[in-house]
Every structure is written in structure tokens, then in C-alpha cells.
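This is what each chain is made of:
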Amino acid sequence: MNNFLLLALADTRQLQLLHFWLLLGIYLAALLGNGLISTAVACDHRLHTPMYFFLLNLALLDLACISTTLPKAMANALWHTRAISYAGCAAQVFFLLFLLSAETFLLTIMSYDRYVAICKPLHYGTLMDSRACATMAAAAWGAGLLYSLLHTATTFSMCLCHGNAVDQFFCEIAQILKLSCSKSDYLREVGIIYFSLCLIFGCFVFIVVSYMQIFRAVLRMPSEQGRHKAFSTCLPHLAVLSLLVSTGFFAYLKPSSISSPSLDLLVSFLYSVVPPAVNPLIYGLRNQELKAAVSKTYVFNIHKMHASLTGVSR
């Protein structure tokens, strides 16, 4: 098999171009938002704290994640094609599994960071020093990489004989499994998927328990401003993770009786495109320190550029 055929987002040329512009808008917004966060955290020394270090890692993962799926979907819509090469499909599966699993692990670490900061503030400096933060972030990236290598290798070692049409706008394992003609390969891959979902569910339980402890501690705070700050930090994090986990579970566990191309497309869009696009809004617009750092960084760069251009003109 030399290539796969992805799902066409529309039948008419006008709708294809409309989808292209919509996807382009989402993609540029995600690039801008995550790029602003990454640059601000990297350049402003006041944000060199564990929470913003993990947020920097999240922004980098989101940049890579949305760049794995949308550019190919936009190119197919613009050039009126559905084809993706075998190697391109394998690359999409590998990078999407790597980035989404690493993001899940990172979100789990971020919940632990918030738990220690709010429930054990006296031990925060010891438990979340720079070495511990770097080790945990590296573990999230490394675990995601190892998991993706194993899962991708298993998926593309299957014998595929039921055509080459993938009913999705990117190469998704759930759709590739439908092309398998070996029951043993299919069951092996399903077993890996169930193990993965159990692992994700374990992370989700850990996060929920962490937030229950956080909310208990927050409700005992005498300061209303402190409670508001803690809730505004934690609730968006929990909302993003819930969206990611619930749609991912639904994509792989939904009954075949309710499966349809439009529903599959919606669910995959919710877990692969929406989180990277909305994370900058959730973490950036609700965080005064980050907004101030973004403004300071880019105003300074604009003034510096203006000064250099003025100097050149003279």
C-alpha cells in the first residue's frame, strides 16, 4: 500500500475553500497564542517558576500537536485531494500519539504542581525545585515518545487489506484498525488501546483526587482573593483535561451502532484541534502575570525594532 485516502471535508469546491479558510484561521490563532506564551515565559525572568515552566512545555506540545493534523487537512482542502502517503500517515500517527500522550502526562504533573503549591506551600521549594521540574517534564516527553514508538510500530505492522480509505481528516488509529484483515493483529492493537485508556484514566483519577484536595484547601482560605486566584488557576486546567480525556475515550469506546463519519469527525476535532487552540485563551487571558509579560515582551521588541529601523534610516 503506497498511500491512504483521508476523509473529504466537503463535496463542493466552495465548501472546501471555506473549510480551508476556517482551518487556517484556527491554525494561525493557535500558533499566535502558543507562540506568545512560549516567548513570554522564555524571555521574562519573573515567569521562570515551576508553573510557567510546565506551561511553556504545554504550549510547545500544543504547537506541535496542531501542526501535525491541520496543515495536511488544509492542503487537501485547498488542492482538492484526499491522498496522504504511507510514510506521511505513519508520521501523523506517531507524532499525534507522542504529543497527546505527553500532554496528558504533563497535565497530570501540572495538577501535582498546583496541589503542592496550595496544599503544601512550605514544602513547595523543596519538592518542586528546578531539577525536579526538569526531571518530571523530561519524563512526560520521554514516556510519550516511548509509548508512541511502540504503538505506531504495532499499528503499521498489521496487514491491511480492506482498502485504503481512512474516514477521518487525519490518520487516526481507530480508523486504520478498520482496514485490518488479521483478527490477531486487530485484537493485539485493541489490547494496546485499552491499556492506553486505562493509563489515561489513571492519570485522570490522580488529577481529580489532586483537585479535590486543592478545593478543600481553597475553601478553608480566609482570603476571598486567594480563593478566587486558586479557582481561576485550577478550574480551566480541569476543564481542558476533561475535554481531552472524555472525547478521546468516546472516540475509541463508542458503540459502532452510533458511529458515523460526521460524529467521528466532530469527536476527533474536539480532542486533536480544540485543546491546542483554546489552551492559550484559558491560560493566557485569565492570568494577569502572563498577560503583563506578553505585553512587556512584545512592546519592548516593537520599540527595539522601531529604534533599529530609525537608526538605519538616519
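It should be noted that the structure appears before, not after, this text.
All values derive from a computational prediction rather than experimental measurement.

S.K.: Could you give an account of the nonpolar core, naming the residues involved and the relevant values?
M.R.: Membership of the largest hydrophobic core comes to 83 residues, with the highest contact counts inside it found for F4, F54, I176 and L290. Per-element tally for this core: the top contributor is helix α3 (residues 86-119), with 16 residues.

S.K.: Give me the lowdown on the packing of aromatic side chains, citing residues and values where you can.
M.R.: Using the criterion set out here, one finds 11 aromatic pairs in the structure. When the centroid spacing of 4.8 Å and the interplanar angle of 85 degrees are considered together, the rings of F169 and F170 count as edge-to-face. Comparing F169 with F170, the two get one shared label, buried. Residues F169 and F269 carry aromatic rings whose centres are separated by 6.4 Å and whose planes lie at 50 degrees to one another, so their mutual orientation is tilted. On the criterion of sequence distance, the pair formed by F169 in the loop between α5 (130-155) and α6 (173-176) and F269 in helix α9 (residues 261-272) is long-range, its members being 100 residues apart. Owing to a relative accessible area of 4%, F169 belongs among the buried residues under this scheme.

S.K.: Quick one: what's the story with the state of the cysteines, residue by residue and with numbers?
M.R.: Inspection of every chain in the model, using the stated rule, returns two disulfides. The disulfide partner of C161 is C181, and the S-S distance across this bridge is 2.5 Å. In this pair, C161 sits in the loop between α5 and α6 while C181 sits in the loop between α6 and α7 (183-219), placing the two residues 20 residues apart along the sequence. Here C161 falls in the partly exposed class, since its relative accessible area comes to 44%. In the protein, the bonded cysteines, taken in the order they occur along the sequence, pair up as 1-3, 2-4. This cysteine, C43, is not joined by any disulfide, and C133 carries the nearest cysteine sulfur, 20 Å off. Among the cysteines around C65, which has no disulfide bond, C171 carries the closest sulfur, lying 14 Å off.

What counts as what
- Residues numbered from 1 in each chain as written.
- Predicted model: local features only at pLDDT ≥ 70, side-chain atom pairs only at ≥ 80, totals over all residues.
- Heavy atoms only, no water.
- Core = buried A, V, L, I, M, F, W, Y, C linked by side-chain atoms within 4.5 Å.
- Buried < 20%, exposed > 50% of the residue type's maximum accessible area, 1.4 Å probe, protein only.
- Helix = DSSP H or I, 4+ residues; strand = E, 2+ residues; numbered from the N terminus.
- Phe/Tyr/Trp six-rings, centres within 6.5 Å; stacked < 30°, edge-to-face > 60°.
- Disulfide = S-S within 2.5 Å.

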